[in-house]
Amino acid sequence: MPRPRFNKLTPKKRERILEAAAKEFAAHGYDGASLNQILDRAGISKGAAYYYFDDKADLYTTTILHYSQQLMGELSFDPDLLTAANFWDEIANLYRQQLTAYVDRPWVFGVAKAGGSLPADLQAHQALRQLLEQAQFLLLQLLRKGHELGVVRDDLPEELLLALVIAVDDAHDRWLYAHWQEHTTAKLEAAALRASDTLRRLLSPA
């Protein structure tokens, strides 16, 4: 987590640093991201950076948590309102919210979704692990609700279904982010329908 001096910065300066980091991490991943490039974009020196963060991993963790919490906090979704009739429409709407909310700030989507495929040495980080567990718990809630409603298959182990959903979601998000500049709001809405339909075909009972 960031050092106390980071939290004492003005909100505008904190956001400038995190935005620079998010753009670099979203574009190149953790291993490929350049700390020097982030610092240049943020307008701070390497010496000053160590007043705020322990290292690159600490900056990455702070950035992932900040934007993932922002993304999840802005979603409007209540699993208790799902029915057999609206289940897949609501899943499509959930995707739509995630994609269209950041049409002009793709790095928010890119770095937030990067949290699902962390390097092994960062997965042990407590705050990141809790974030992953929170996201997986939401997916499990959806799968279990789908089972209850009869719209999600029950012929495969729950852990396998969860792994399949995560893999498909990750592959779709990586492809989408790589082609983000080609997408208008309308195309992102279509992508949301495509993603939800792919999951529907995968998860629906035979």
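Residues numbered from 1 in each chain as written. Predicted model: local features only at pLDDT ≥ 70, side-chain atom pairs only at ≥ 80, totals over all residues. Heavy atoms only, no water.

Enquirer: Help me out: how do you make sense of the nonpolar core in this one?
Expert: In summary, soluble globular proteins display a tendency toward joint burial of nonpolar side chains. Ile17, Phe25, Leu59 and Tyr67 are the most contacted members of the largest nonpolar core, which has 34 residues in total. Contributing elements (two or more residues each) for this core: helix H2 (11-32), helix H3 (35-42), helix H4 (46-52), helix H5 (56-73), helix H7 (106-113) and helix H8 (126-149). Broken down by element, this core gets its largest block of residues, 8 residues, from H2. One finds Tyr95, Leu99, Val165 and Ala191 within the second-largest nonpolar core, a separate group that totals 23 residues. (Core = buried A, V, L, I, M, F, W, Y, C linked by side-chain atoms within 4.5 Å. Buried < 20%, exposed > 50% of the residue type's maximum accessible area, 1.4 Å probe, protein only. Helix = DSSP H or I, 4+ residues; strand = E, 2+ residues; numbered from the N terminus.)

Enquirer: What should I look at first to understand the pattern of salt bridges in this one?
Expert: Oppositely charged side chains are able to pair whenever their charged atoms sit close together. A full pass over the atoms with the stated rule returns 8 salt bridges. Close ionic contact of Glu19 with Lys23 constitutes a salt bridge, the shortest N to O distance being 3.1 Å. Linking Glu19 with Lys23, this pair stays in helix H2, spanning 4 residues, or about one helical turn. You can call Lys23 partly exposed: its relative accessible area is 28%. In this structure, the salt-bridge partner of Asp197 is Arg201, at a minimum N-O distance of 2.8 Å. (Salt bridge = Lys/Arg side-chain N within 4 Å of Asp/Glu carboxyl O.)

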